[in-house]
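Close look at the chain arrangement
Residue strings, one per chain:
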Number of protein chains: 4
Amino acid sequence: MSERLRQTFISDNVTVAAPEMLAAVAAANDGPAASYGADPYTERLAARAREVFECELAIVPVTTGTAANALSLATLVPPYGGIYCHETAHVMTDECGAVEFYSGGAKLLGLPGEGGKIAPGQIDAAVAYARAMGVHHVRPAAVTLSQATEWGTVYRLGELDALCATAHQHGLPVHMDGARFANALACLGCSPAEATWKRGVDVLSLGATKNGALAAEAVVLFDPALAPALELRRKRGGHLWSKMRFLSAQLLAYFAGDLWLRHARHSNALATRLATGLAALGGQLMAAVDANEVFVTLPEALIAGLRADGYEFYDWPAPHGRAGSAIRLVTAYDMSPADIDALLAAARARAAR
Amino acid sequence: MSERLRQTFISDNVTVAAPEMLAAVAAANDGPAASYGADPYTERLAARAREVFECELAIVPVTTGTAANALSLATLVPPYGGIYCHETAHVMTDECGAVEFYSGGAKLLGLPGEGGKIAPGQIDAAVAYARAMGVHHVRPAAVTLSQATEWGTVYRLGELDALCATAHQHGLPVHMDGARFANALACLGCSPAEATWKRGVDVLSLGATKNGALAAEAVVLFDPALAPALELRRKRGGHLWSKMRFLSAQLLAYFAGDLWLRHARHSNALATRLATGLAALGGQLMAAVDANEVFVTLPEALIAGLRADGYEFYDWPAPHGRAGSAIRLVTAYDMSPADIDALLAAARARAAR
Amino acid sequence: MSERLRQTFISDNVTVAAPEMLAAVAAANDGPAASYGADPYTERLAARAREVFECELAIVPVTTGTAANALSLATLVPPYGGIYCHETAHVMTDECGAVEFYSGGAKLLGLPGEGGKIAPGQIDAAVAYARAMGVHHVRPAAVTLSQATEWGTVYRLGELDALCATAHQHGLPVHMDGARFANALACLGCSPAEATWKRGVDVLSLGATKNGALAAEAVVLFDPALAPALELRRKRGGHLWSKMRFLSAQLLAYFAGDLWLRHARHSNALATRLATGLAALGGQLMAAVDANEVFVTLPEALIAGLRADGYEFYDWPAPHGRAGSAIRLVTAYDMSPADIDALLAAARARAAR
Amino acid sequence: MSERLRQTFISDNVTVAAPEMLAAVAAANDGPAASYGADPYTERLAARAREVFECELAIVPVTTGTAANALSLATLVPPYGGIYCHETAHVMTDECGAVEFYSGGAKLLGLPGEGGKIAPGQIDAAVAYARAMGVHHVRPAAVTLSQATEWGTVYRLGELDALCATAHQHGLPVHMDGARFANALACLGCSPAEATWKRGVDVLSLGATKNGALAAEAVVLFDPALAPALELRRKRGGHLWSKMRFLSAQLLAYFAGDLWLRHARHSNALATRLATGLAALGGQLMAAVDANEVFVTLPEALIAGLRADGYEFYDWPAPHGRAGSAIRLVTAYDMSPADIDALLAAARARAAR
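Residues numbered from 1 in each chain as written. Chains lettered and ligands numbered in written order. Predicted model: local features only at pLDDT ≥ 70, side-chain atom pairs only at ≥ 80, totals over all residues. Heavy atoms only, no water.

A few words now on the confidence of the model for chain A. Residues and elements named next belong to chain A. Across chain A, pLDDT averages 95, with 97% of residues at or above 70. Here residues 319-323 scores under 50 on pLDDT; set against residues more than four positions off or in separate chains, the count is 7 contacts. In the predicted complex, the global pTM is 0.96; the interface-specific ipTM is 0.96. (pLDDT = per-residue confidence, 0-100. Contact = heavy atoms within 4.5 Å.)

Below you can see the structure in the form of structure tokens.
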């Protein structure tokens, strides 16, 4: 879009809408259509999602990741349930209590862990504690994994196998917060099926907004029997669009011609390019750059210098209200290698002073 | 759009998006933009809304009327509050308990009344009952009025004055469900200010989806001090768009050149044309046709005939699962007089058999 | 207790605690005991309840009828559920939204009906309406019946059969609000089993407070599999006593030697005596006097006279904030025939003026 | 009561009811009384509480600490609020999500800290983080302190001053979970006023059950203006007793003749006696023994031996489902020095093997 070099690395939620997705919305504006999802676009989306994921499923479009996560978890757990997640999970810290709200007061139980990941043994221990506590503690009810994680890392297939097996052993369904699922998929290089239900994932929040949509996410239920309950909650949450086709059309375009994966591969590659460049300048990477986020420690002067040059990004752990020496840089599908190279050049210049 | 005659009179939520509003979305796709409403479109919308309503206010865009209503009322009432509404109000019967959900279990207290309207004396009596009951009854907390009503009628300014005065006398704020606010305004022929805060309305759910948007509504808070609480609830409800500009741009286009009023006047006029024609055929109007809905009693054979001819509409009170002798016909901004005349011709032909 | 004649007929919740129940509490104070229901009294109560109701069940003691009702219904319905009840049901008008609160915002759907009773056809119609509305309406989820009703009438066994059959046909469990269950049972003259699960009742709120306890009610679950969920909700609601034995002991005493039925028969008989006497004075009974409540229309002067004589009772429908010509008089287990006769004598004296 | 030596040190919630409190209940059973708190005992309790705390206040009796805490916090915070507490606080881990439930999904934010205590700087940092996060994070809304703490320590007056000042500086009210408030008071040796509102505490959950009641706790609101909202929530939560006098009478007896403080001093002294004895045996105290709980590390064989001798207590951090080397021993008002000495003798015998 913009001719100017892109200077904001603050998030992938500042991106434009992909032209293909905008065009799909315009194309769906082709006359009156049955409301609330009874339109042909929404029907087509269901079929398309079954192809993409190679299984029976229900797909429920919504407009924000917060809605997708909260609806998913509220459908899986009772109000007196406990949900195990990483202590930095988006649901835990960034959604203003949406899961608590939608679930009627269920409790997110944060677990620590390197690189934003949790491990099966932590779930075992937490469940054992809860079982011993009986009615005094919330009842273990679900596990939610962020894929990619909040630290830009990606759970490997074996890690997912182990986590899902442990969760299921305790009777807990597994939710995956896939706000950046396409980036994770691009990293893993496997099929959507292999990355999800074949590992044991029960419900997926599939993000599209950060990766090209105007505003479109979807809950993917690998057990379609959960759909009626989730759809009632969607209505009740005010997330049932009358003109649903405008949402469904975005998601159809997202899948068409593997747009989602092309976007994700592009932003992942840019992140790697960026990380490599910063490491060469002495930056310490705080986590593996598996997806489209770079967490890096740099000299404070260099960070301040980049900001003075017009670059935008968060200190991390964000937000501290003060410049720290660790920062998060997010690449996106609508950036170019030139944008990355320009930042690296600026960093080199600043470092040279 | 469609060249074909429009045969669905089932709702104004099946309409296309207005070209002006779709174009505004495309135009807002002009490069990265600050997320969560910190973009220039959202800022401009706030200024524009102040001009439109001629007062200080806060405007909070969301995507569904259910969200607008539920967020509004949850902000106004405590969980132990009672909300007075007409027994047929959309919040009461058509939103799957959204208000109960968002408010933490507040209670909608339905009052009967001709033409979908409630009267001040009913509020007085209900509040007196509640006060006498003390802690055993929910505490009177708000009044919500549908404008236009579920019966297609429009409260006159004097009626609003009396209702708001009564509500305020009891310390109750007034919410207006304006899913069809533009149609009401077109009927009243007054300014937005005269139809709302000058009467005593405290919070307005301003609908745009039925009248031209892809999906855009807004909560208009005439007391801007309520905004922070409502905005936290919006986030928590999953209704805070990261790419907010695509919502705000729709609403800017809605107000531009009085598009909203032109649309509403058009659909209102079509409803009058339809009602007049059906009355000439012996149809009994069940309520005044103030806005864009016609509730009419017709011979069952005629109703069946119209359906056989391809026309779509609801029996009313809907839904009964069986053809009744009363129906609801909804006109919309994207219909033409020819669509109306064709239905009337079909009705005349059926009546003549 | 008091030597003085009893002049308050305002409710059976002003009664003293029965000496037998108070003694049982004192007797249970016999040394340290395992907390949270792991004590011998609570164990004994479970066994006793199985004998009383002649079936497998779970019994969960709490201290108020509001808690029993709200916990029962919250366990039976999802937050997006609709609960059918009489429009005057205690849960609807007298519990400050407890069911909405405990259920996470489920909706009570009030049905009209003579004598506080609802009929199977009303449930059929309401469910048909809801089904046709789909996700826009709360989903039919349960039926709750008050036994005795708010009008002091008692559903007959055949009425219960028909209501439960209809509810179950629609997949709805049946809850019975038995705040005055003992009075209903005394009226019906059948066994507890015949009055409940043999009719199709799934969950019973069993009241004891109005009929002799200090504060003791119980949820009786005829499907014990519901107990774990209800017990977690009880804990979460703050209703799990650490020293549970003091609750269980009350209920054991309630059942012992049929104390509950002896109390109920006594208060029912007093109500009949009262109703007969007032009818002889020209009072019009507003509903059958099946239990321990008399709803009667009397001349305003007579009502005012009784109040001047020191008698206390509610106008009905209460509360209106003004003396009406219909009143409610409640008898109780701790009143004597002399109390009734004194009121009748006072009424006769007033009527004679 | 029991002649036998007391062998359970598992909790102070297994205690008998104090004879004085049981007698008070019986004495309150003196005839019909106005329901729902309009009785003379409840009125007297309000006056007595004002004397005890030397200020205007509202006192709201309930029956469990969970109810007192949840009602208190729900009254203080919005559903989108964050509540700062110690990560081991009872509200956090032992109340099955009661605060989340009563508040409509507010979030408890656990802070670490030695001896179960939090420090002002932690609140500062957490609030700064939340403020920077804006609508994405729950809004800072309250601080809750356990006094005595979950580790049996007691905040000193200066600590309370600093915590309350910090909380208030950020606009956060302070709640005190005083399940063992009497024990804390006995430790501090100051007046109830000096331990609470003079420090800045806004709301107190005052426990009595662990210290002698059958089941009685109270919310003490130092701002009586909060009472109406809390009372509506109490009703809605099913915690408003019709025969309230039986609750109020217990609390009147609790205060009479400083029964509460005599009990607390006694159990505190027994804990000190126990701790001293165990330390002499080589036990490592894990926290200061300020109140009536002893957390101590002992050889595993000694612990197993005590259990073999019939002693009951929790491993700590409890529960692990396995014998650990740290345990919690709780003394209570109804134990005697002989009970302590017997345990110490048994421990010495085991240690000597």
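Anyway, onward from the coordinates.
The next point concerns the interface of chain B and chain D. Size of an interface, as often reported, equals the accessible area lost when the parts are brought together. Between chain B and chain D, the contact holds 18 residues from the first and 18 residues from the second. Buried surface at the junction of chain B and chain D, both sides included, amounts to about 1,700 Å², of which 64% is carbon and sulfur. Looking at the side of chain B facing chain D, the largest losses of area belong to B:Y80, B:L232 and B:R236, adding up to 38% of the total buried there. Along the contact surface separating chain B from chain D lie 0 salt bridges. Among the elements that make up the side of chain B that touches chain D, the one with the highest residue count is helix α10 (residues 227-236) of chain B (7 residues). (Buried area = accessible area lost by both parts, 1.4 Å probe. Salt bridge = Lys/Arg side-chain N within 4 Å of Asp/Glu carboxyl O. Helix = DSSP H or I, 4+ residues; strand = E, 2+ residues; numbered from the N terminus.)

Glancing now at the pairing of strand β11 (residues 326-330) of chain D. Residues and elements named next belong to chain D. Among the 5 residues in β11, 5 count as buried, and that is most of the element. A two-sided burial pattern is seen for β11, the buried positions comprising A326, R328 and V330 on one face and I327 and L329 on the other. Bridge count between strand β9 (residues 293-297) and β11: 5 bridges; the pairing is antiparallel. Opposite T297, over in β11, you have A326 as the bridge partner. Direction of pairing for strand β10 (residues 314-315) relative to β11: antiparallel, over a ladder of 2 bridges. Along β11, the bridge assignment pairs Y314 with R328. (Buried < 20%, exposed > 50% of the residue type's maximum accessible area, 1.4 Å probe, protein only. Pairing = 2+ DSSP bridges.)

Moving on, we come to the interface of chain C and chain D. In this assembly, 47 residues from chain C lie in contact with 46 residues from chain D. Note on chain C versus chain D: buried area summed over both sides is about 3,900 Å², and carbon and sulfur give 60% of it. On the chain C side of the interface with chain D, the three residues burying the most area are C:F101, C:R236 and C:K243, jointly 19% of the side's total. On inspection of chain C and its partner chain D, the count reaches 0 salt bridges. Where chain C touches chain D, the interface holds 36 residue pairs in polar contact (both at pLDDT 80 or more). Contributing elements (two or more residues each) for the side of chain C that touches chain D: α1 (19-27), α3 (65-76), α5 (98-103), α10 (227-236) and α11 (245-255) of chain C. Of the residues belonging to the side of chain C that touches chain D, the class tally is 23 nonpolar, 16 polar and 8 charged. (Polar contact = N/O pair within 3.5 Å; in protein donor to acceptor, adjacent residues only side chain to side chain. Nonpolar A, V, L, I, M, F, W, Y, C, P; charged D, E, K, R; others polar.)

Expressed as a screw operation, the relation of chain B to chain D combines 0.0 Å of axial shift with a rotation of 180°, fitting to an RMSD of 0.0 Å. In the structure described here, the two chain copies are related by an operation that fits a two-fold rotation axis. When C-alpha distances to the rotation axis are compared across chain B, the minimum falls at B:G104, with a value of 2.9 Å. In this assembly the copies share their binding face: 100% of the residues contributing to the interface of chain B also contribute to that of chain D. (Least-squares fit on C-alpha atoms with pLDDT ≥ 70 in both.)

Within this structure, the stated rule accounts for 48 salt bridges over all chains. Linking C:D334 and C:R6 is a salt bridge whose minimum nitrogen-to-oxygen distance equals 2.7 Å. Note that C:D334 is positioned in the loop between β11 (326-330) and α14 (337-352) and C:R6 in the segment before α1, a separation of 328 residues in sequence. Its relative accessible area of 22% is what places C:D334 among the partly exposed residues. Taking the relative accessible area as the measure of exposure, C:R6 reaches 7% and is therefore buried. Look at the salt bridges and you will find they share partners, linking A:D12, A:R180, A:E293 and A:R328 into a network.

Attention now moves to the sheet that holds strand β8 (residues 284-285) of chain D. Residues and elements named next belong to chain D. The strand order β8-β9-β11-β10 describes an open sheet built from 4 strands, whose pairing is antiparallel. On the outer flanks of this sheet lie β8 and β10, each paired with one strand and no other. Direction of pairing for β8 relative to β9: antiparallel, over a ladder of 2 bridges. Bridge pairing in β9 places L285 opposite V296. Where helix α12 (residues 259-280) meets the sheet, its contacts fall on β8, β9 and β11, and the angle it forms with β9 comes to roughly 10°. (Axes fitted to C-alpha atoms, helices over the stretch in contact; angles between N-to-C directions.)

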